[in-house]
Amino acid sequence: MKILKIAFKNINSLRGEHEIDFTKEPFLQNSLFAITGPTGSGKTTILDVISLALFNQVPRLGKLSTSEVLKKGAILTRNQKEAYAKITYECKQGIFASTWQISTARTGNLRDYHMELANVESGHLDLKKSDVPGKNEELIGLNYDQFIKSVVLAQGEFAKFLQVPKKERGALLEKITGTQIYRRIGQEAYVKYNQVKKDTEEKRLKIETFKEQLLAKEVYVEKQTQSEKLQLEKKNFNLSIEKNSEAIKLKENLQHQQKELLATEKQITQIKASTAEFEKEKGKKLKQHEEIQFFAEDLNAWQNLQKEQKNNSTQIEEIQQNLKDFQEKRTHLQTEFSSTFQLEISPQNASEKLNNYKEKVRTLIAERSELLSVYRTSEQHISGLLKDFQFSSKPSNTVVFQQELKEKQHEKSSAFEKLNKKFQLEEKSVAIWQEEIQQQLKLTRAAEKEDFQQHQLKKDLNQKSEELKKINDSLKNLPQQVEKIQQELKLKNAQLEAKQKTLEVEQLQKQLEDFRKDLVENEPCPLCGSTHHPFASAHPEVKNHLKTEVEQLQKTIQQLQLQHTREESDWKRFQQQQEKLEKEIKPTESLLAEKENAFQENFAVILQQRKEQSFAEMETKLETNLKELDQAKELKESLTKLQELAKKSRELAELIAKGKAKSEAIETLFKGKEFEKEISTVETSWNRNEQNIVQQQKLLETTEKSLAEVNEKLAKLTRTLTAQLTEKGYQSIEQALSLRLTATEAQAWQKEREQLQQKSIELKTLQKKLQDEIKKLQEKDNETSLEKLQEQFQQGKEKLQANETEFNTVSRLLENQKDNLKQIEKLQNEVGKQLKQSEHWQILNELIGDSTGNKFNNFAQDLTLAQLLLLANKRLENLSDRYRIDQPTDEEDDSLVAIDEHMGGQRRSIKTLSGGETFILSLALALALSDLASRNIEINSLFIDEGFGTLDPETLDQTLDTLEVLQAESSKMIGVISHVESLKERIATQIQLTQNGQGYSSLTIV
């Protein structure tokens, strides 16, 4: 994974938009760069931008949300409305751009943050914002924690790590590598085992509790016997209670039946009294009614004939009044026909006159409608023709419209003649002209496009040629420079080898006194390791010039190796660029020659017409001609339409004149507005009125005839019925009718009589039934009184209740015994099963478990440290051939040990190393952690933070030499983050951060 570009806006103190493009100069020539600036200027903000854009997290704040941004006042620059962080990186799958952004709404509230991921080549990926960090992790191959440890190397942490005792080293290693999980695993194993152990003990305590509640075996048998005895007593008590209950029910039923018999006899007495009262008040009248009802049919017929006689008389009067009203309406309708339709009619000739009149008027209206239809069709056609013109008058105003039409024809004709004269349209049509000009225009545009492409090719070719010339100039002197450095390196290595051998011989020949002379206060003794030398103070210090020369030669060789690596790297890079440019220039020259030849051949006609004109001027002229030809075409079409308009206007004037004549003829016959509606209404009224007159005359005749028949029938029936009623003692028909009850009244009295009779029969039947029932019950009854039976029943219930209480108590004891035994068996099974299942937790607790987690954590940290030191020593091979790092033995100091290969593999405490040597070892550890975190993922972008401020100038130079070697050998892009001013002199490429005094910072790339 390699970072290509960082872009951001309004992040922390860096206000405004900023971009750091590692694919452009000065980063192409120098992949080692410094991020410099005073404390608080925003150096670490650049690292925050990277982690924020990829994972929505920053090391100092953790995972971010809108509420976190508001609460902590971080990320978004003060007084700004929006911010974004964007990183473009390259991985195995391609080049991707990941963006994080946030903004403020118009209300002043922060909107929720947004994240997106895009493939630079194929475009935006359809992902939710919450899926973007996971997708980045998948593409890069590292999660957030691994990424931070792989890309950002906190060298200062490892400098501290090298020197601390073992106990502190484990805690620091846990912090640096993020391996707190092993401590938690040890604690979890301890907690899990103790939880299982606690559960098991609780269940064992429960088992003991249940055992304490069990009954003794003798007591249990005694309770079982007692339970059986109580069940037998309960059965006897139930039988006694049931017998008493039946006897009580018999007594109560007998008393109830006797009460029912008394009530029934009382009701029989009441019914007899009611029957006597009914006969006294209603019986006689009801008998008279039933006697008269013998003549009911004739009496009803006599009443109906009287009603019919009265109805016929009334109806005759109504019919005579209706006839008078209809005749008055006839006179009114005749007057309306005369005034509105100019027509005199009578009942005898109305039909014939109306038919002739309607036929005549309808013929005139149909002719006028036909003319109107033709007029509208013509008007629509004219309106369609008028769409392309603007007339101030309407076509219905024919005189004014035709005058305006002549003026427009003259105007269009003049304009067309000018264009006709220019293009000679009689000889060549507009369509042919347009086709020829469009072909010329198409060819001109193609020539212009081809000319532009040739110009771009020439420009590109010139740029590449200039660049190739510069590279060739640079390559002339590089081989000689490389050869010179190689010769010098051979010479210096030979000198170093000779001096080192002399120094080794000299060291071997030294006696005790010689070592004393070399002792320096606060530096370890090579024999005993002590840093305090009380017996060496009397000896004068003798300077070892040979050792100083060896160190000077080593430093010179290191500088020469670095210079050699740089020169070879530049040589290789220039050769690659030279080869690439030469491959690109030859095809470009061939393509340009082909395009120039094709251009002259394909566009010869255009080039001949061009003369001094530009392609744009030629196109403008051709486009103007096309527009004028379009105008000529439109003018010709307009003149054709105007001629047709003139013809249709004349036809319209003729239709208007004919229509007016028809309207005048209709008005002489009809004075109304809507002929069909009005003639239909009046005609319908006339016909309906005539029909009503005829119907009323017929009805009058029928009603008078019916009245005569009713009178005759009524007289005959009166004579017959009067004679019959006189024989029965009634003086007249009217007297008989007055003694007759209404149907409702007669029906009610008859019903009342029947009910009294029925009720009397039912009560007598019930009386007999109750007497029989009482006799049977008295035969079954015993002599014991009801009160005595109830007392015996209550005593039985009390004994049964006492029996049940005692039985329930015994049963509960027996059930508890069974439940307790089941619970004991269940808990014993659970304990056995739990102990079997928890064996692995017991084993894990014995191996790695404890309350602090130290047991497993220390084991895991030892393995991690071994792996880390293995990777660090591999890195040291590239940084320095002198030292290797190892863990201390039991006899050595707790801090890590440096093995000095130049001193025959001597083991030295890290504390005895110089600042520069300590930095190299801590840098190797930092790179090792990056390797450990990234595993099989290639990381080509590193940022080294901290550690440079404590170095002296000489050590700082040595350290920077080491970093340059590392960058040259690994081709990694390395950023050094520091506020040390002297870095500016050694690292040419810098990202400089400066503060402006208002809480904001600015970023400059130099």
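Here, every reference points to the structure presented above.
Nothing here was measured: the structure is a model prediction, and the numbers come from that model.

Visitor: Help me understand the overall build of the protein, please; the structure alone is not making it clear to me.
Guide: What the protein contains, in helices and strands, is 25 helices and 17 strands. Relative to its full complement of 1006 residues, the protein shows a buried share of 36%. Contacts spanning at least 24 positions in sequence make up 73% of the contacts within the protein whose residues lie at least 6 apart. Surface exposure of the protein reaches about 62,200 Å², of which carbon and sulfur atoms provide 48%.

Visitor: What exactly am I supposed to notice about the sheet that holds strand S13 (residues 906–909) here?
Guide: Pairing between sheet strands relies on hydrogen bonds along the backbone, with the strands arranged either parallel or antiparallel. Strand order in this open sheet of 3 strands is S11-S12-S13, and the pairing throughout is antiparallel. On the outer flanks of this sheet lie strand S11 (883–886) and S13, each paired with one strand and no other. Averaged over all neighbouring strand pairs, the angle between strand axes comes to 35°, with direction disregarded. Sheet topology places S11 next to strand S12 (residues 897–900); 4 bridges connect them, and they run antiparallel. Across the sheet, the residue bridging to Arg884 is Ile899, located in S12.

Visitor: Is there a simple way to explain the side chain of Ser41 in this structure?
Guide: Tracing the backbone shows Ser41 in the loop between strand S3 (32–36) and helix H1 (43–55). Residue Ser41 is classed as buried on the basis of its relative accessible area of 0%. Polar side-chain contacts of Ser41 include one of 2.7 Å to the backbone oxygen of Pro38. Sequence-distant contacts of Ser41, that is, excluding residues within four places in its chain, are made with Ser13, Leu14, Leu993, Gln995 and Ser1001.

Visitor: Can you help me understand the pairing of strand S7 (residues 94–103) in this one?
Guide: Along a regular strand, successive side chains alternate from one face of the sheet to the other. Burial analysis of S7 places 8 of its 10 residues in the buried class, the great majority of the element. Direction of pairing for strand S6 (residues 82–91) relative to S7: antiparallel, over a ladder of 10 bridges. The partner of Ile87 across the bridge, within S7, is Ser98. In the sheet, S7 pairs with strand S8 (residues 114–119) via 6 bridges, with the strands oriented antiparallel. Counted as the bridge partner of Phe96 is Asn119 from S8.

Visitor: Any chance you could explain the nonpolar core here in plain terms?
Guide: Grouped together as the largest cluster of nonpolar side chains are 67 residues, with contacts concentrated most on Ile3, Ile6, Ile50, Leu54, Tyr89, Phe147 and Phe943. Considering every element that reaches this core, the biggest residue donor is H1, with 8 residues. Among all residues touching Phe147, those that are not within four sequence positions of it are Met1, Ile50, Leu54, Phe55, Ile140, Leu142 and Val152. Listed in part, the 18 residues of the second largest apolar core include Ile885, Ala898, Ile910 and Ala924.

Visitor: In this structure, what is going on with the pattern of salt bridges? I would like to understand it.
Guide: Scanning the entire structure with this criterion turns up 19 salt bridges. Put simply, Glu830 and Lys203 hold a salt bridge, and the shortest N to O gap is 3.4 Å. Of the two residues, Glu830 sits in helix H20 (residues 786–837) while Lys203 sits in helix H7 (residues 180–212), which places them 627 residues apart along the sequence. Salt-bridge contacts for Glu690 lead to Arg330; the nearest nitrogen and oxygen are separated by 2.8 Å. Linking Glu690 in helix H17 (residues 675–727) with Arg330 in helix H9 (residues 296–341), this pair joins segments that are 360 residues apart in sequence. On the basis of relative accessibility, which here comes to 16%, the residue Glu690 falls in the buried class. Connected through salt bridges with shared partners, the residues Asp460, Lys464 and Glu584 form a single ionic network.

Visitor: How should the environment of Phe294 be read in this particular structure?
Guide: Structurally, Phe294 can be placed in the loop between helix H8 (217–292) and H9. Of the residues examined, Phe294 reaches a relative accessible area of 70% and is grouped as exposed. Considered as a pair, Phe294 and Glu584 are 290 residues apart in the sequence and their alpha carbons are 140 Å apart.

Visitor: Help me understand the packing of H7 against H20 in this model?
Guide: For any two helices packed against each other, one specifies the crossing angle of their axes together with the interaxial distance. The geometry of H7 relative to H20 is characterised by a closest axis approach of 9 Å and an angle of 160° between their N-to-C directions. One way to sum up the angle between H7 and H20 is to call them roughly antiparallel. Here the hand of the crossing between H7 and H20 comes out left-handed. Contacts from Val196, Asp199, Thr200, Lys203, Arg204, Lys206, Ile207, Phe210 and Lys211 of H7 reach H20 at Asn820, Gln823, Ile824, Leu827, Gln828, Glu830, Val831, Gln834 and Leu835. Class assignment for the residues of the contact of H7 with H20 results in 7 nonpolar, 5 polar and 6 charged.

Visitor: Before we go on, may I ask you to explain unusual backbone geometry in this structure?
Guide: With the exception of glycine, most residues fall at negative phi, and the peptide bonds are largely trans. Each neighbour pair has its own omega, and for Glu25 with Pro26 the value is 5°, a cis peptide bond. The phi angle at Asn10 is positive, at roughly 55°, despite the residue not being glycine. Positionally, Asn10 belongs in strand S1 (residues 2–11).

Visitor: Just checking my understanding: could you explain the environment of Glu891 for this structure?
Guide: Along the chain, the position of Glu891 falls in the loop between S11 and S12. On a C-alpha basis, the gap between Glu891 and Gln576 in space is 56 Å, while along the polypeptide they are 315 residues apart.

Visitor: Before we go on, may I ask you to explain the packing of aromatic side chains in this structure?
Guide: Note on aromatic pairs: each is described by the distance of the centres and the angle between the planes. Here the structure, examined in full by the defined rule, presents 8 aromatic pairs. For the ring pair Phe22 and Phe33, a centre distance of 5.5 Å and an interplane angle of 35° mean the geometry is tilted. One end of the pair, Phe22, is in the loop between strand S2 (14–21) and S3; the other, Phe33, is in strand S3, with 11 residues separating them in the sequence. Summarising the burial analysis for this pair, Phe22 and Phe33 share the class buried. Taken together, a centroid distance of 5.9 Å and an interplanar angle of 70° make the contact between Phe55 and Tyr144 edge-to-face. Note that Phe55 is positioned in helix H1 and Tyr144 in helix H4 (residues 144–151), a separation of 89 residues in sequence. It is Arg15 that lies over the ring of Tyr1000; its NZ or CZ is 3.9 Å from the centre. Geometry around Tyr113 places Lys129 over its ring, the cationic atom sitting 4.3 Å from the centre.

How each quantity is defined
Residues numbered from 1 in each chain as written. Predicted model: local features only at pLDDT ≥ 70, side-chain atom pairs only at ≥ 80, totals over all residues. Heavy atoms only, no water. Helix = DSSP H or I, 4+ residues; strand = E, 2+ residues; numbered from the N terminus. Buried < 20%, exposed > 50% of the residue type's maximum accessible area, 1.4 Å probe, protein only. Contact = heavy atoms within 4.5 Å. Areas by Shrake-Rupley, 256 points an atom, 1.4 Å probe, with all protein chains shown as cover. Pairing = 2+ DSSP bridges. Axes fitted to C-alpha atoms, helices over the stretch in contact; angles between N-to-C directions. Polar contact = N/O pair within 3.5 Å; in protein donor to acceptor, adjacent residues only side chain to side chain. Core = buried A, V, L, I, M, F, W, Y, C linked by side-chain atoms within 4.5 Å. Salt bridge = Lys/Arg side-chain N within 4 Å of Asp/Glu carboxyl O. Parallel < 35°, antiparallel > 145°, perpendicular 65-115°, else oblique. Left-handed = near helix turned anticlockwise from the far one by under 90°. Nonpolar A, V, L, I, M, F, W, Y, C, P; charged D, E, K, R; others polar. Phe/Tyr/Trp six-rings, centres within 6.5 Å; stacked < 30°, edge-to-face > 60°. Lys NZ or Arg CZ within 6 Å of the ring centre and 35° of its normal.

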